[in-house]
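Observations on the model geometry
The primary structure of each chain is shown beneath.
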Amino acid sequence: MKAFYLCIAGAIVVMVLAVLFVPGVDDFVEQTFQRYLGRAAS
């Protein structure tokens, strides 16, 4: 279980760094979250 949480934390850090430093990634991340939340809401 500890490895799972470390993987999630690592993925979040990588995603934040990508959004900060790579142009265009923020749009991709936003669309991905909207798709996921749209499925969860239905």
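Our subject is the structure that appears above.
In this report, the structure presented in the accompanying data block is examined. (Residues numbered from 1 in each chain as written. Predicted model: local features only at pLDDT ≥ 70, side-chain atom pairs only at ≥ 80, totals over all residues. Heavy atoms only, no water.)

**Here's the deal with the overall build of the protein chain**
So the rule is basically this: Secondary structure is summarised from DSSP: a helix means a run of H or I of at least four residues, a strand means a run of E of at least two, and numbering begins at the N terminus for each. Areas reported as accessible are Shrake-Rupley estimates using a 1.4 Å probe. Residue values count occlusion only from the protein chains shown.
For the protein chain, the helix and strand inventory stands at two helices and zero strands. For the protein chain, the exposed surface amounts to about 3800 Å²; the carbon and sulfur share of it is 73%.

**Quick notes on the packing of helix α1 (residues 2-21) against helix α2 (residues 25-41)**
What counts, and what does not: Lines fitted to C-alpha atoms define the axes here, with helix axes fitted over just the stretch in contact, and angles between the N-to-C directions of these axes take values from 0 to 180 degrees. Working rule for angles: under 35 degrees goes down as roughly parallel, over 145 as roughly antiparallel, 65 to 115 as roughly perpendicular, anything else as oblique. Contacts between residues were defined by any pair of non-hydrogen atoms, one from each residue, lying within 4.5 Å. Any residue that is not Ala, Val, Leu, Ile, Met, Phe, Trp, Tyr, Cys, Pro, Asp, Glu, Lys or Arg is counted as polar, Gly included; the first ten are nonpolar and the last four charged.
Direction vectors running N to C along α1 and α2 enclose 135°, while the axes themselves pass 7 Å from each other. By the angle between their axes, α1 is oblique relative to α2. For the pair formed by α1 and α2, the contact residues are M15, A18 and V19 on the first element and V25, D26, V29 and F33 on the second. Grouping the constituent residues of the contact of α1 with α2 by class yields six nonpolar, no polar and one charged.

**Details of a nonpolar patch on the surface**
So the rule is basically this: Here a patch means residues that are over 30% exposed by relative accessible area and free of salt bridges, tied together within 9 Å if like-charged and within 5 Å if nonpolar (Val, Leu, Ile, Met, Phe, Trp, Tyr). Each reported salt bridge corresponds to a side-chain nitrogen of Lys or Arg within 4 Å of a carboxyl oxygen of Asp or Glu. Whether a residue is buried, partly exposed or exposed follows from its accessible area with a 1.4 Å probe, protein chains only, as a fraction of its type maximum: under 20%, in between, or over 50%, in that order.
A contiguous nonpolar patch, built from M1, F4, Y5, I8, I12, V13, V16, L17, L20, F21 and V22 and spanning about 1200 Å² of accessible area, is present on the exposed surface. Tracing the sequence through the fold places L20 in helix α1. Classification of L20 by relative accessible area gives exposed; the value is 59%.

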